[in-house]
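Each chain, written out:
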Amino acid sequence: MNTHFTEETMQTAHGACRARVYRGASLLVPPPVVLHFHGGSFVGESVAAGEKVASALAAAGAVVISPEYPSACLSPFPAALEASYAMLSSMRSRCPQFAHKKSMLFVAGEEAGGNLAAGLALMARDQFLSDLKGQILLSPLLDPCMATASFRKFCPQSSVQSIAEGWQRYLGERSGLTHPYAAPGYCTRLQGLVPALVITSEQCPMHDETEAYAERLRQAGVPVKMHVLPGGATWLPANTSSQENWPAQEQTISGIFSRFFQDAGAKPNSQMKTN
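Residues numbered from 1 in each chain as written. Predicted model: local features only at pLDDT ≥ 70, side-chain atom pairs only at ≥ 80, totals over all residues. Heavy atoms only, no water.

*Asks:* Whenever I open this one, the packing of helix α2 (residues 79-98) against helix α3 (residues 112-126) confuses me. Can you help?
*Replies:* Think of two packed helices as two axes; the pair is described by the angle between the axes and how far apart they sit. Remark: α2 packs on α3, axes separated minimally by 10 Å, with the N-to-C direction vectors making an angle of 65 degrees. Considering the relative orientation of α2 and α3, their crossing is right-handed. Every residue of α3 that contacts α2 at A80, L81, S84, Y85 and L88 is listed here: L116, G119, L120, M123 and A124. Grouping the amino acids of the contact of α2 with α3 by side-chain chemistry returns eight nonpolar, two polar and no charged. (Axes fitted to C-alpha atoms, helices over the stretch in contact; angles between N-to-C directions. Helix = DSSP H or I, 4+ residues; strand = E, 2+ residues; numbered from the N terminus. Left-handed = near helix turned anticlockwise from the far one by under 90°. Contact = heavy atoms within 4.5 Å. Nonpolar A, V, L, I, M, F, W, Y, C, P; charged D, E, K, R; others polar.)

Below, the structure is given as structure tokens:
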């Protein structure tokens, strides 16, 4: 799809971080601004790991800011979440800079980035950050037990250890008393969250925990759009076996993203200016 990105240094109350800013050829009106967090296992990955999902969000008509966040190798929870929340908090005043003064603000992420996006939605509710309008979760890492049937069946053995180590490093000394922001799958208070778009695939290791979280959101009265795609989740950084399927899957999820943005109030207009 026809998207491009620039690299920028973002300043927040938590300090500076490097980020990619993605834009597609056609923007919605007003263009949604999406703070997107790349996938991986909490450790080692760079912002480039999220290029697939960020590009699909941009192709859906959004302006996408995809920042680096602290690696759990050096800084366990809550470092990454606090740094991400600082950027989210600063984005409202920056929407005119990146898109439009009336742009709606969303968070999104896949795998570990989906964990951060879900945690940010919880934190935004608790901190009364009313500017956030939606959360987009793609196969998020929500359950550190890694004991679901789908995880046992579909997670390659080569990835099990890295995900387990990622969880251990991310939770750090807090692993015995898991905070709901760190493991949203354990959160018992989900009422009042922003609408959620939740996507997984039939053969994704996180399929079961993703579906369970979507159902619990629904039971809590949160508006949820849930999509289970056929086959594997080719947007995940660790999935290198089915890359030939990505173009078709990208087109599918980009369409899903666009409908979610339009349901929130954005409208199609390829002639929209970005400021």
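Still more ground to cover, so stick around.
*Asks:* Sorry if this is basic, but what is going on with helix α5 (residues 157-171) here?
*Replies:* For an α-helix the count is 3.6 residues per turn, leaving residues at separations of three or four pointing the same way. The first and last C-alpha atoms of α5 sit 22 Å apart over 15 residues, in line with the 21 Å expected at 1.5 Å per residue. When α5 is considered as a whole, its buried residues turn out to be S159, I163, G166, W167, Y170 and L171. Each buried residue of α5 sits inside an arc of 115 degrees when the element is viewed along its axis, so together they form one side. The exposed residues of α5 that point more than 90 degrees off its buried face are Q157, S158, Q161 and Q168. (Expected span 1.5 Å × (residues − 1). Buried < 20%, exposed > 50% of the residue type's maximum accessible area, 1.4 Å probe, protein only. Arc of directions from axis to C-beta.)

*Asks:* Hey, could you run me through unusual backbone geometry in this one?
*Replies:* Generally, phi is negative for residues other than glycine and the peptide bonds are trans, each holding for most cases. Following V29, the chain continues to P30 via a peptide bond in cis, the omega torsion being -15 degrees. Position of P30 relative to the elements: it lies in the loop between β3 (28-29) and β4 (33-37). For the bond running from F77 to P78, omega is 15 degrees, close enough to zero to count as cis. Checked against the element boundaries, P78 lands in the loop between β5 (63-67) and α2.

*Asks:* For this particular structure, what's the right way to read the packing of aromatic side chains?
*Replies:* Evaluation of the coordinates by the stated rule reveals seven aromatic pairs. Aromatic pair F42 and W167: ring centres 5.1 Å apart, planes at 55 degrees, arrangement tilted. Taken together, the positions of F42 in the loop between β4 and α1 (51-59) and W167 in helix α5 put the pair 125 residues apart, joining distant regions of the chain. Site record: aromatic cluster; members linked through ring pairs are F42, F77, W167 and Y170. (Phe/Tyr/Trp six-rings, centres within 6.5 Å; stacked < 30°, edge-to-face > 60°.)

*Asks:* When you look at the nonpolar core in this model, what are you seeing that I'm missing?
*Replies:* One broad rule of soluble globular proteins: the nonpolar side chains tend to lie buried together. Membership of the largest hydrophobic core comes to 92 residues, with the highest contact counts inside it found for I65, L88, Y170, W235, F257 and F261. A total of nine residues in this core trace back to one element, the largest contributor, which is α3. Look past the residues within four positions of W235 in its chain and what remains in contact with it is K52, V53, E110, L138, S139, I199, T200, S201, L229, W246, Q249 and I253. (Core = buried A, V, L, I, M, F, W, Y, C linked by side-chain atoms within 4.5 Å.)

*Asks:* Is there a simple way to think about the environment of C187 in this case?
*Replies:* Along the chain, C187 falls in the loop between α5 and β8 (196-201). Leaving out residues up to four positions away in the same chain, C187 has contacts with L122, P180 and R216.

*Asks:* Would you explain α2 in this entry?
*Replies:* The largest bend along α2 reaches roughly 65 degrees and is located at R92, with the proline P96 sitting one to four residues downstream. With 14 of 20 residues buried, α2 lies mostly within the body of the structure. (Bend = angle between axes of the 7 residues up to and from the residue.)

*Asks:* Just checking my understanding: could you explain the sheet that holds strand β6 (residues 105-110) for this structure?
*Replies:* Backbone-to-backbone hydrogen bonds pair the strands of a sheet. The strands run either parallel or antiparallel. Across the sheet, eight strands lie side by side as β1-β2-β5-β4-β6-β7-β8-β9; this open sheet has mixed pairing. If you trace the sheet from one side to the other, it starts and ends with β1 (3-12) and β9 (224-229), each paired once. Neighbour-to-neighbour, the strand axes of the sheet open up by a mean angle of 20 degrees, direction not taken into account. Of the pairings in the sheet, the one linking β4 to β6 comprises five bridges and is parallel in character. Bridge pairing in β6 links H36 to A108. (Pairing = 2+ DSSP bridges.)

*Asks:* Quick question: what am I supposed to make of the environment of W167 here?
*Replies:* A relative accessible area of 2% places W167 in the buried class. In contact with W167, other than residues within four places in its own chain, are F42, N115, L141, L142, D143, P144, M146, A182 and A183.

*Asks:* How should I be thinking about the pattern of salt bridges in this particular structure?
*Replies:* Opposite charge on two side chains lets them pair, provided their charged atoms get close. As enumerated under the stated definition, the model contains seven salt bridges in all. In this structure, the salt-bridge partner of D126 is R189, at a minimum N-O distance of 2.9 Å. One end of the pair, D126, is in helix α3; the other, R189, is in the loop between α5 and β8, with 63 residues separating them in the sequence. R189 gets classed as partly exposed once you look at its relative accessible area, which sits at 45%. One continuous salt-bridge network, built from bridges that share partners, spans E7, R18, R20, E51 and E68. (Salt bridge = Lys/Arg side-chain N within 4 Å of Asp/Glu carboxyl O.)

*Asks:* In this structure, what is going on with the pairing of β1? I would like to understand it.
*Replies:* Note that β1 and strand β2 (residues 15-24) share ten bridges and pair antiparallel. Residue pairing for β2: E7 is matched across the bridge by R20.

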